[in-house]
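Structural description and commentary
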Amino acid sequence: MARPLVHGGGQAGGPRTQARQLTLEDARALADREQAPSVRSVSPVVTASSATAVYEGASHTISQLVGTYPSYFEATNKPVTSGAYFVNDDVLAARKVMVIGRTVAEELFGAADPVGRQVGVSGVPFTVVGVLKELGSSGMQDADDVAIVPLPAVQQSLTGFGALGSIIVQATGADTTESAQAEVTAVLNQRHDITPTGTADYRILNQATLQETVSSTIGVFTALLGAVAAISLLVGGIGITNIMLVTVTERTREIGIRKAIGAPRSAILGQFLLEATVLSLVGGLSGVAIAFVGTRFTIAGIEPVIVPSSIALALGVSVGIGLFFGSYPANRAAKLRPIQALRHE
């Protein structure tokens, strides 16, 4: 489901009004159906960075401790694999419960089930009620190194009752994202006294817009990688052509002898096409072997994955390159006249 993400902090440029931080009252106003009918849920968020969690001697520094409401899980698409989410009653009672990511679970509990166990977070006891589905690394950040707790609990124990870091707003549907963003903008402008010529003291990030930007960026990189691959194939193909032309020149007398004793043109053609294809296929297999070794390492926080279909495609392209660029030398060898070939020095 598409969602706008509201961050505190203004943008540069333009007349500036007195900056105000995002508050819980702002979140409640955004949840008002009369003011924002396109908004499905609102999740105020505070974040405590680098909180240390301890369990029976095991210690782990959680990179992101999030205090929020239960609607956060659906809005950010974070399902649990064991246990359950905390609920609204936990928020109202400020219960010290938490849902942890896979990295936190492994660092503190190993192979044991964390659900129901009590963890000390910066000296405050929290009970684990659920474990999130594994998401993997995102660039340099481990998306599974996270713990999510009720907002009042983290405010009472760790961050204090200050401003919110952000507010996650979930639209009622993918087709209402733009209208939801407009409604959020209108509500916050009114509450923060933002004039038409003033600069907002908040930022709205629309997930749909971010996805379009990411897709566009991926498309550009794909085109660039395709161009590099095409140039590499062209250079490799020209290399195969040159090698086979040298081979034909060096074996001209051999070709003449074979033709003189009755070898048909197709036999000569097939021989050199096969040699060019084998040469290209060996290069393709070498590339696959190097790629396989590369998948054993994590690169820039990303663990490469082998796709069998890509290996088959790579080898198929190698065979095609050998046939295409080997056809000219093979035809040249097949067209040699026996008498001229036998006279070649």
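In this text, all values refer to a predicted model and were calculated from it rather than measured experimentally.

With respect to the overall build of the protein
Helix and strand counts for the protein come out as 11 helices and 12 strands. The C-alpha atoms of the protein give a radius of gyration of 32 Å, which is well past the 20 Å a tight globule of 345 residues would have. Counting the 345 residues in the protein, one finds 36% classified as buried. Residue pairs at least 24 apart in sequence account for 74% of intrachain contacts in the protein once pairs closer than 6 positions are excluded. Entry remark: accessible area of the protein is about 18,600 Å², with carbon and sulfur atoms responsible for 59%. Where the 24 positive side-chain charges of the protein centre and where its 26 negative ones centre are 16 Å apart.

Structural notes on the packing of aromatic side chains
Within this structure, the stated rule accounts for five aromatic pairs. Centre to centre, the rings of Tyr 72 and Phe 73 are 6.2 Å apart; their planes meet at 80 degrees, and the pair counts as edge-to-face. Ring centres of Phe 73 and Phe 86 lie 5.3 Å apart, and the angle between their planes is 70 degrees; this geometry places the pair in the edge-to-face category. Taken as a pair, Phe 73 in helix α2 (residues 71-75) and Phe 86 in the loop between β4 (80-83) and α3 (88-92) lie far apart in primary sequence, 13 residues in all. We note that Phe 73, like Phe 86, is buried. By the ring-pair criterion, three or more aromatic residues cluster together here, those being Tyr 72, Phe 73, Tyr 85 and Phe 86.

What about the pattern of salt bridges?
In this structure the tally under the stated criterion is six salt bridges. Arg 95 serves as the salt-bridge partner of Asp 90, at 2.9 Å between the closest nitrogen and oxygen. With relative accessibility at 40%, the residue Arg 95 sits in the partly exposed group. We note a salt bridge from Arg 251 to Glu 275, for which the minimum N-O separation is 3.0 Å. Here Glu 275 lies in helix α9 (residues 265-294) and Arg 251 lies in the loop between α7 (207-250) and α8 (252-260), a separation of 24 residues in the sequence. Looking at Glu 275, the relative accessible area reads 27%, which means it is partly exposed. Among the charged side chains, a salt-bridge network with shared partners connects Arg 251, Glu 254 and Glu 275.

Describing the environment of Ala 289
In this fold, Ala 289 is placed in helix α9. Classification of Ala 289 as partly exposed rests on a relative accessible area of 43%.

Examining the packing of α9 against helix α10 (residues 308-334)
Two elements in contact, α9 and α10, have axes whose closest approach is 7 Å; the angle formed by their N-to-C orientations is 145 degrees. Helix-helix and strand crossings are classified by hand; for α9 and α10 the assignment is right-handed. A class-by-class count of the residues in the contact of α9 with α10 yields 16 nonpolar, eight polar and one charged.

A look at the packing of α8 against α9
Packing of α8 against α9 brings their axes to within 10 Å, and their N-to-C directions diverge by 145 degrees. Contacts between α8 and α9 involve Glu 254, Ile 255, Arg 258 and Lys 259 on the former and, on the latter, Ala 267, Ile 268, Gln 271 and Phe 272. Its residues assigned to classes, the contact of α8 with α9 shows four nonpolar, one polar and three charged.

Description of the side chain of Ser 318
Tracing the sequence through the fold places Ser 318 in helix α10. For Ser 318, the residues in contact, after removing those within four places along its chain, are Ser 280, Leu 281 and Gly 284.

Description of the nonpolar core
Most often, soluble globular proteins keep nonpolar side chains buried together rather than apart. Core analysis: the biggest nonpolar cluster contains 43 residues, and Leu 30, Leu 65, Met 98, Ile 100, Val 119, Val 121 and Ile 167 have the highest contact counts within it. Top element by residues in this core is strand β2 (residues 39-55). It accounts for seven residues. In this structure, Leu 65 is in contact with Val 46, Thr 47, Ala 48, Ala 51, Met 98, Val 121, Ala 147, Val 149, Val 154 and Leu 158, ignoring residues within four places of it in sequence.

What about α8?
Along α8, the residues classified as buried are Thr 252, Ile 255, Gly 256 and Lys 259. Looking straight down α8, one finds that the buried residues subtend no more than 100 degrees of arc, so they occupy a single side. Where α8 ends, the next residue or the one after it, Gly 262, has phi of about 110 degrees, a positive value.

Description of the confidence of the model for the protein
Detailed reading of the predicted model is not advised wherever pLDDT is low. Taken over all residues, the pLDDT of the protein has a mean of 83, while the share at 70 or more is 91%. Mean pLDDT per element in the protein: strand β1 (residues 4-8) is the minimum at 54, and strand β5 (residues 97-100) is the maximum at 92. Predicted confidence for residues 9-17 stays below pLDDT 50, and this span has 21 contacts to residues more than four positions away or in other chains.

Quick word on a nonpolar patch on the surface
On the surface, a cluster of nonpolar side chains totalling about 370 Å² of accessible area is made up of Phe 292, Val 293, Phe 297 and Ile 306. Summarising the element assignment, Val 293 is placed in helix α9. A relative accessible area of 47% means that Val 293 is categorised as partly exposed.

Notes on the environment of Gly 239
With respect to the helices, strands and loops of the structure, Gly 239 is situated in helix α7. Its relative accessible area of 25% is what places Gly 239 among the partly exposed residues. The spatial distance from the C-alpha of Gly 239 to the C-alpha of Ser 157 is 68 Å, given a sequence separation of 82 residues.

Thresholds, definitions, all that
Residues numbered from 1 in each chain as written. Predicted model: local features only at pLDDT ≥ 70, side-chain atom pairs only at ≥ 80, totals over all residues. Heavy atoms only, no water. Helix = DSSP H or I, 4+ residues; strand = E, 2+ residues; numbered from the N terminus. Rg over C-alpha atoms; globule rule 2.2 N^0.38 Å. Buried < 20%, exposed > 50% of the residue type's maximum accessible area, 1.4 Å probe, protein only. Contact = heavy atoms within 4.5 Å. Areas by Shrake-Rupley, 256 points an atom, 1.4 Å probe, with all protein chains shown as cover. Lys, Arg positive; Asp, Glu negative; His and termini not counted. Charge placed at Lys NZ, Arg CZ, Asp CG, Glu CD. Phe/Tyr/Trp six-rings, centres within 6.5 Å; stacked < 30°, edge-to-face > 60°. Salt bridge = Lys/Arg side-chain N within 4 Å of Asp/Glu carboxyl O. Axes fitted to C-alpha atoms, helices over the stretch in contact; angles between N-to-C directions. Left-handed = near helix turned anticlockwise from the far one by under 90°. Nonpolar A, V, L, I, M, F, W, Y, C, P; charged D, E, K, R; others polar. Core = buried A, V, L, I, M, F, W, Y, C linked by side-chain atoms within 4.5 Å. Arc of directions from axis to C-beta. pLDDT = per-residue confidence, 0-100. Patch = residues over 30% accessible without salt bridge, like charges linked within 9 Å, V, L, I, M, F, W, Y side chains within 5 Å.

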